[in-house]
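For reference, the chains in residue letters:
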Amino acid sequence: MLTDNHGRRFYYLRLSVTDVCNFRCDYCLPDGYQATDNSPHLGTAEISTVVRAFASLGTQKVRLTGGEPSLRADLPEIIAATKATPGIRRVAVTSNGYKLPRVIGQWCDAGLDQLNISIDTLDPAEFADFTGHDCLPRVLRGIEQARALGLEVKVNAMLLQGGADRRLREFLGWLRHTPVTLRFIELMRTGDNREFFASNHIRGDVVERELVRDGWQLVERPRDAGPAREYRHPDYLGRIGFITPYSEDFCDSCNRLRVSAQGRLHLCLFAEHGIDLYPEIAAGDSAALAERIRREIGAKEPSHYLQQEQVGATRNLSMLGG
Ligand code: SAM
Ligand code: SF4
């Protein structure tokens, strides 16, 4: 098992398959996607080499992310190749849901286990305003289809100022009868979103305390389950989780590494730079690649230092995969 100098074990890979996105979320790509790196995206065979290398080091779960992964027409083949890799038990996709009703059947047939869809508001007009696309009903229809196909569905929702209480009430109304896990994410400051962050960041613990007062109970999870905290309530079919990167001990339970769509290893979402693994990936040599990753892990820092306002080379999360 891949372990760093701080005793953390990495069995979870977040693999970006593209940095391109069709949405314009205010905190991520407010002006839409602008190409900054012209290196080609890894092809399916190259992605397989990466997954084989990580699997040989103990990785059991792979999340395919982006940018927007559904923009890749070969995503079903990528899912299938990832799922077929010995050692990989679970394959997840994080998506904005734009194409969901059309593609979810293919993803499921390819072996997808878990789907995370990002929805920051249940108000259709606000959703259009936040993302630049008036398609909330289609995204929700896609989620229903995914559930009917037996997939585990989680919804990522950003905590944002201006209407946070109303959005929370609307999400609670939905979770009463919808068995999905909603995960509130604290907005993180990146290189591009300084001003947006300053006027929109809300701490998750404020909302968390409110839910505990209303009878939501913390669900016990194994320590290596990652940094999210999850709550349930007897009157609700859905659960609520919190991902609070600004909380003190967030990095202690880090269990993940990231590889960008261009084949760079990011030891942290906010590392100063990505480590170029492309030479080993292009050679198709998963053993050499695994050896390289094992060597590089020694440089993983104990914290992301976000509290000290360090954001590294990360201009936005689309570059690298959230
Ligand atoms: N396009 C897909 C989507 O939106 O689900 C996948 C990529 S997106 C970068 C993955 C997740 O990162 C989304 O849930 C998004 O809300 C989150 N995200 C983007 N920018 C963020 C930021 N500055 N702070 C915290 N989360 C962010
Ligand atoms: Fe695109 Fe996801 Fe970023 Fe929104 S959060 S702009 S959907 S990559």
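Every value quoted in this text rests on a predicted model; they were computed, and no experiment measured them.

Engineer: It is not clear to me how the packing of aromatic side chains should be interpreted in this structure. Could you clarify?
Structural biologist: Here a ring pair, both rings aromatic, is described through the centre-centre distance and the interplanar angle of the planes. Tallied over the full model, the rule gives 8 aromatic pairs. A ring pair is formed by Phe23 and Tyr98, whose centres lie 6.0 Å apart and whose planes are at 85°; its orientation type is edge-to-face. Highlighted residues: Phe23 in the loop between strand E1 (12-18) and helix H1 (44-56) and Tyr98 in the loop between strand E3 (90-95) and helix H3 (100-110), separated in sequence by 75 residues. Residue class for Phe23 comes out buried when judged on its relative accessible area of 2%. Each ring, one from Tyr231 and one from Phe242, has its centre 6.0 Å from the other, and the planes form 85°; the classification is edge-to-face. Taken together, the positions of Tyr231 in strand E8 (residues 229-232) and Phe242 in strand E9 (residues 239-243) put the pair 11 residues apart, joining distant regions of the chain. What links up through ring pairs into an aromatic cluster is the set Phe171, Phe184, Tyr231 and Phe242.

Engineer: Explain helix H10 (residues 286-296) here, please?
Structural biologist: Count 3.6 residues to each turn of an α-helix, and residues three or four apart come out pointing the same way. Taken together, the buried positions of H10 are occupied by Ser286, Leu289, Ala290, Arg292 and Ile293. Looking straight down H10, one finds its buried side chains confined to an arc of 160°; they lie on one side. Pointing more than 90 degrees away from the buried face of H10 are the exposed residues Ala287 and Arg295. Looking at the buried residues of H10, the elements they touch are H1, strand E11 (264-266), strand E12 (275-276) and helix H9 (278-282).

Engineer: Explain the nonpolar core here, please?
Structural biologist: Leu64 and Trp107 are the most contacted members of the largest nonpolar core, which totals 93 residues. Each residue touching Leu64, except ones within four places of it in the same chain, is listed here: Leu15, Val17, Pro69, Leu75, Ile78, Ile79, Thr82, Val91, Ala92, Val93 and Thr94.

Engineer: Can you walk me through the pattern of salt bridges in this structure?
Structural biologist: This structure, assessed with the given rule, holds 16 salt bridges. Across the pair Arg166 and Glu126 runs a salt bridge, and its minimum N-O distance is 2.8 Å. Here Arg166, found in helix H6 (residues 164-177), pairs with Glu126, found in helix H4 (residues 124-131); they are 40 residues apart in sequence, far enough to count as distant. On the basis of relative accessibility, which here comes to 27%, the residue Arg166 falls in the partly exposed class. In this structure, the salt-bridge partner of Arg315 is Asp192, at a minimum N-O distance of 3.2 Å. With Arg315 in the segment after H10 and Asp192 in the loop between strand E6 (181-186) and helix H7 (194-200), the pair connects residues that are 123 residues apart, well separated along the chain. On the basis of relative accessible area, Arg315 is assigned to the partly exposed category, the value being 39%. In this structure, a network of salt bridges that share partners links the residues Glu126, Arg166, Arg167 and Glu170.

The rules behind the values
- Every residue gets a number counted from 1 within its own chain, in the order that chain's sequence is written.
- Here every chain gets a letter starting at A, and every ligand a number starting at 1, in the order they are written.
- Totals for whole chains, interfaces and linings use all residues, but because this is a predicted model, local features are given only for residues with pLDDT of at least 70 and pairs of side-chain atoms are given and counted only at 80 or more.
- Hydrogen atoms and water are omitted, and side-chain values are computed over all heavy atoms in the structure.
- Planes of paired rings set the category: under 30 degrees apart is stacked, over 60 is edge-to-face and the rest tilted, where pairs are Phe, Tyr or Trp rings (Trp by its six-membered ring) whose centres lie within 6.5 Å.
- Counting from the N terminus, the helices are the DSSP runs of H or I reaching at least four residues and the strands are the DSSP runs of E reaching at least two.
- The classification of residues rests on relative accessible area computed with a 1.4 Å probe and restricted to protein chains. Under 20% of the type maximum is buried, over 50% is exposed, and intermediate values are partly exposed.
- Picture the helix axis, draw a direction to every C-beta atom, and the arc is the one those directions span.
- By the convention used here, residues are in contact when the closest approach between their heavy atoms is within 4.5 Å.
- Put simply, buried Ala, Val, Leu, Ile, Met, Phe, Trp, Tyr and Cys residues joined by side-chain atoms within 4.5 Å make one nonpolar core.
- Counted as salt bridges are all cases of a side-chain nitrogen of Lys or Arg within 4 Å of a carboxyl oxygen of Asp or Glu.

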